[in-house]
Amino acid sequence: MRSSAVVSGVLSVLLLALVAVGWSPLLSFDRSVAEELHRGAVAHPGLTRVNRVLSDWVWDPLTMRALAAGTAVLLWWRRERRLALWVVGTSVLAVLLQQGLKALVGRGRPQWPDPVDWARYAAFPSGHAMTATVTCGLLLWVLALHWRDEWRGWGALAGAAAVSVLGVGWTRTYLGVHWPSDVVGGWLLGWFCVSVAILAYRRSERRGAPAAPGTGGADGGSGRAGER
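For the structure given in this document, a descriptive report is provided here.

Observations concerning the packing of aromatic side chains
In this structure the tally under the stated criterion is three aromatic pairs. A ring pair is formed by Trp 141 and Tyr 201, whose centres lie 5.2 Å apart and whose planes are at 80 degrees; its orientation type is edge-to-face. Taken together, the positions of Trp 141 in helix α6 (residues 127-146) and Tyr 201 in helix α8 (residues 180-208) put the pair 60 residues apart, joining distant regions of the chain. This pair shows no difference in class: Trp 141 is buried, exactly as Tyr 201 is. Grouping aromatic residues by their ring pairs yields a cluster made of Trp 86, Trp 141 and Tyr 201.

Regarding a positive patch on the surface
Residues Arg 2, Arg 202, Arg 203, Arg 206 and Arg 207 make up a contiguous surface patch of positive charge. Turning to its location among the elements, Arg 203 is positioned in helix α8.

A closer look at the pattern of salt bridges
Close approach of charged atoms allows side chains with opposite charge to pair. Evaluated as defined, the whole model comprises nine salt bridges. Notably, a salt bridge pairs Asp 56 with Arg 52, separated by 3.7 Å at the nearest N-O pair. Separated by four residues within a single helix, Asp 56 and Arg 52 lie in helix α3 (residues 45-58), roughly one turn from each other. With relative accessibility at 26%, the residue Asp 56 sits in the partly exposed group. Residue classification places Arg 52 among the partly exposed residues on the basis of a relative accessible area of 33%.

Examining the packing of α3 against helix α7 (residues 154-174)
For the pair α3 and α7, interaxial distance at closest approach is 9 Å and the crossing angle is 125 degrees. Between α3 and α7, the interaxial angle falls into the category oblique. α7 is crossed by α3, and the crossing has left-handed handedness. For the pair α3 and α7, the contacting residues are Leu 47, Thr 48, Asn 51, Leu 54, Ser 55 and Asp 56 in the first and Trp 170, Thr 171, Arg 172 and Tyr 174 in the second.

Procedures and definitions
Residues numbered from 1 in each chain as written. Predicted model: local features only at pLDDT ≥ 70, side-chain atom pairs only at ≥ 80, totals over all residues. Heavy atoms only, no water. Phe/Tyr/Trp six-rings, centres within 6.5 Å; stacked < 30°, edge-to-face > 60°. Helix = DSSP H or I, 4+ residues; strand = E, 2+ residues; numbered from the N terminus. Buried < 20%, exposed > 50% of the residue type's maximum accessible area, 1.4 Å probe, protein only. Patch = residues over 30% accessible without salt bridge, like charges linked within 9 Å, V, L, I, M, F, W, Y side chains within 5 Å. Areas by Shrake-Rupley, 256 points an atom, 1.4 Å probe, with all protein chains shown as cover. Salt bridge = Lys/Arg side-chain N within 4 Å of Asp/Glu carboxyl O. Lys, Arg positive; Asp, Glu negative; His and termini not counted. Charge placed at Lys NZ, Arg CZ, Asp CG, Glu CD. Axes fitted to C-alpha atoms, helices over the stretch in contact; angles between N-to-C directions. Parallel < 35°, antiparallel > 145°, perpendicular 65-115°, else oblique. Left-handed = near helix turned anticlockwise from the far one by under 90°. Contact = heavy atoms within 4.5 Å.

Structure below.
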């Protein structure tokens, strides 16, 4: 998990820098892909409506945050309050990071004479892609902590999470409200947030775990390494 956090963090910073300085090859790639997808969206209104439903309702950030909130409530009810607060805290910090970067970079969204959808705020990173990555990552982590070995539906749920994360990125680009690099940035930053949250939680758990008998505390007895 540490290597995953490092790789996603480095790639996020690199992509952020390329977007901020307006690196020509990246901008050209973004433009060519966006134009091709927009032509398809205009030519196929039925498929465009499906993408709008998926983007604006099924994989909307509000839907994702409601899932995270529901998970936190369930964990709190099960008296796993530290984990519940971790889920909420990670989700909130991810939103703050997302909005902060949007304001900092200030990247404009694609502009079309015949738009098929619209969106507010700056483009980079994609809030839909980042929120879906954070929420799905946290939900899979929570499920893995509790039921991965016993629950036969784990593979199906992991597949649904992957489809959601990839699918929402596709819809945002197809609908012409994001450049491809906005979506990739959202995925990378989202996974970075999840990875760091998991690493921090594991470290906090190790600090709160009981010491092995005979290892001694401050009094030379079988004390604790630290209280929860």
